Amino acid sequence: MAGTRRHGAGRGRPTLEEVAARAGVGRGTVSRVINGSPRVSDRTRTAVEQAVAELGYVPNRVARALAANRADAVALVIPEPETRVFAEPYFSDIIRGVGAELADTDLQLLLTLIRTPKERQRLADYLSAHRVDGVLLVSVHADDPLPDLLERIEMPAVLSGRRSAHESVPYVDSDNTGGAQSAVEHLIGRGRETVATITGPLDMYVAQCRLEGYSAAVRAAGREVEAELVASADFTEEGGRRAMRQLLSQRPDLDGVFAASDVMAAGARQVLREHGRRVPDDVALVGFEDSAVARHMDPPLTSVRQATEEMGRAMVRVLLEEIDGHSDRTAKRPQMVLPTQLVRRESS
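Per-chain numbering applies: the sequence of each chain, read as written, is numbered from 1 onward. Residues qualify for local features only when their pLDDT is at least 70, as the model is predicted, and side-chain atom pairs are given and counted only at 80 or more; totals for whole chains, interfaces and linings, by contrast, use all residues. To get the side-chain values, all heavy atoms of the structure are used, and hydrogens and water are removed first.

A. Spatial organisation of empty space enclosed by the protein. The distinction between a cavity and a pocket rests on a 1 Å grid over the protein atoms alone: a 1.4 Å probe fits inside a cavity but cannot get out, while a pocket stays open yet meets protein on both sides within 12 Å along at least five of seven lines, and a residue with an atom within 4 Å of a point counts as lining. Grid points are joined across faces, edges and corners, and a volume is the space filled by probe spheres set on the points. For the structure shown, the criterion picks out two cavities of 30 Å³ or more. Along the walls of the largest cavity sit 20 residues, with Tyr90, Met204, Val206, Arg210 and Phe235 positioned nearest its centre. Here a strand is any run of E in DSSP of at least two residues, a helix any run of H or I of at least four, and the numbering for each starts at the N terminus. Among the secondary structure elements, those contributing two or more residues to the lining of the largest cavity are α6 (89-102), β5 (171-174) and α10 (205-220). Considered class by class, the residues forming the lining of the largest cavity number seven nonpolar, seven polar and six charged. Residue assignment places the lining of the largest cavity across two domains, with domain 2 (73-174 + 309-339) and domain 3 (176-306) each supplying three or more. In this classification, Asp, Glu, Lys and Arg are treated as charged, Ala, Val, Leu, Ile, Met, Phe, Trp, Tyr, Cys and Pro as nonpolar, and every other residue, Gly included, as polar. All domain edges in this entry derive from an automatic or database-based domain assignment.

Encoded structure:
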């Protein structure tokens, strides 16, 4: 009985050497089995696994990570203030998807918000020391230096969205142009003659693509894209309010609005109500994302659905592939664009 008894609390934690002695192999062989190396025979693997079970051996994950030059952690970096991150469903959906996909791995998730240049520099120093195995970067602006830094230090990384049509870093994105075009085609198809748009910040490729989709639908209907019907905002509710006031001032005859996010559409809805404009009777309104905001608006908001939580999951899958094989920097980098779908509700 004593030969097969598990280690109790009084004997201390079993060691790698004890597992090796029990299995009749060397310490290095035990390490290879524990780390999943294929360079071990089935017979030896079975002997080691039996010894591990009999002794109750638990691998030291810290030691394993150090031996493999791994940190066993990934960073989710959002270069936005907490007022946006915790107020907008987009970010919570991304975080939920990332967390769900990482749940079955041994990796820790580090959530980092960047609000100041000092915080950006501190993060750059942290990442340069390779204290994480990879980075998920959300809400990327065109002038953000982080993606270039990540490439320079050869840190595996995946972006949510991209900085331009020629993005060099792996990314997961939505069909922003096609989604926006379907939204505006819907408004025009409903008989709206003067359709305006509220864009996101135009230093972000996502906002440029949604504006491009708006413009393509307007031109396809034989109309001109008028500057007075385009107002730039920042994906926030207050930005939606400001842009809506600007549009009503410039074109009080407008009868349709495509807002490039549900949150901005909510702000626009408030201003339309303040000005006595009924939705959808006087002004039809469409958003983008199909978040909880859209479903809870009065009236419920027609919106372009993007699979935000699935984007988070897909980012993790791509990142894990990058971490496992990131030494091959010459291979074509993963690029994924998820489809969108217009969800029709009472606002249009």
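There's plenty left to go through after this.
B. Looking closely at the packing of helix α1 (residues 16-23) against helix α2 (residues 27-34). Axes, fitted as lines to C-alpha atoms, cover a helix only where it is in contact. Angles between the N-to-C directions of the axes lie from 0 to 180 degrees. The interhelical angle for the contact between α1 and α2, taken along N-to-C directions, is 100°, at an axis separation of 8 Å. Taken together, the axes of α1 and α2 lie roughly perpendicular to each other. For the pair formed by α1 and α2, the contact residues are Leu16, Glu17, Val19 and Ala20 on the first element and Arg27, Val30, Ser31 and Ile34 on the second. In terms of residue class, the contact of α1 with α2 is built from five nonpolar, one polar and two charged. Oblique is the label for any angle not covered by the other classes, which are roughly parallel (under 35 degrees), roughly antiparallel (over 145) and roughly perpendicular (65 to 115). Note on contacts: a residue pair qualifies if any of its non-hydrogen atoms lie within 4.5 Å across the two residues.

C. Examining α10 more closely. Over its 16 residues, α10 runs 22 Å from end to end, which matches the ideal 22 Å to within 8%, given 1.5 Å per residue. For α10, every residue scored as buried is listed here: Tyr205, Val206, Ala207, Cys209, Arg210, Gly213, Tyr214, Ser215, Ala217 and Val218. Considering only its buried residues, α10 is in contact with α9 (176-189), β6 (195-199), β7 (230-232), β8 (256-259), β9 (284-289) and β10 (302-306). Phi turns positive, to about 80°, at Gly222, one or two residues after α10. By this rule, a helix spans an expected 1.5 Å times one less than how many residues it contains. Note on classification: 1.4 Å probe, protein chains only; a residue is buried when its accessible area is under 20% of the maximum for its type, exposed when over 50%, partly exposed between these limits.

D. Molecular detail of unusual backbone geometry. Along the chain, Val279 connects to Pro280 via a cis peptide bond; the corresponding omega equals 10°. Relative to the helices and strands, Pro280 is located in the loop between α12 (262-274) and β9. Between Asp298 and the following residue, Pro299, the backbone shows a cis peptide bond with an omega angle of -5°. Relative to the helices and strands, Pro299 resides in the loop between α13 (292-296) and β10. You will see that Glu154, though not glycine, has its phi angle at about 55°, which is positive. By the element assignment, Glu154 lies in the loop between α8 (146-152) and β4 (157-160). Although it is not a glycine, Phe235 adopts a positive phi angle of roughly 70°.

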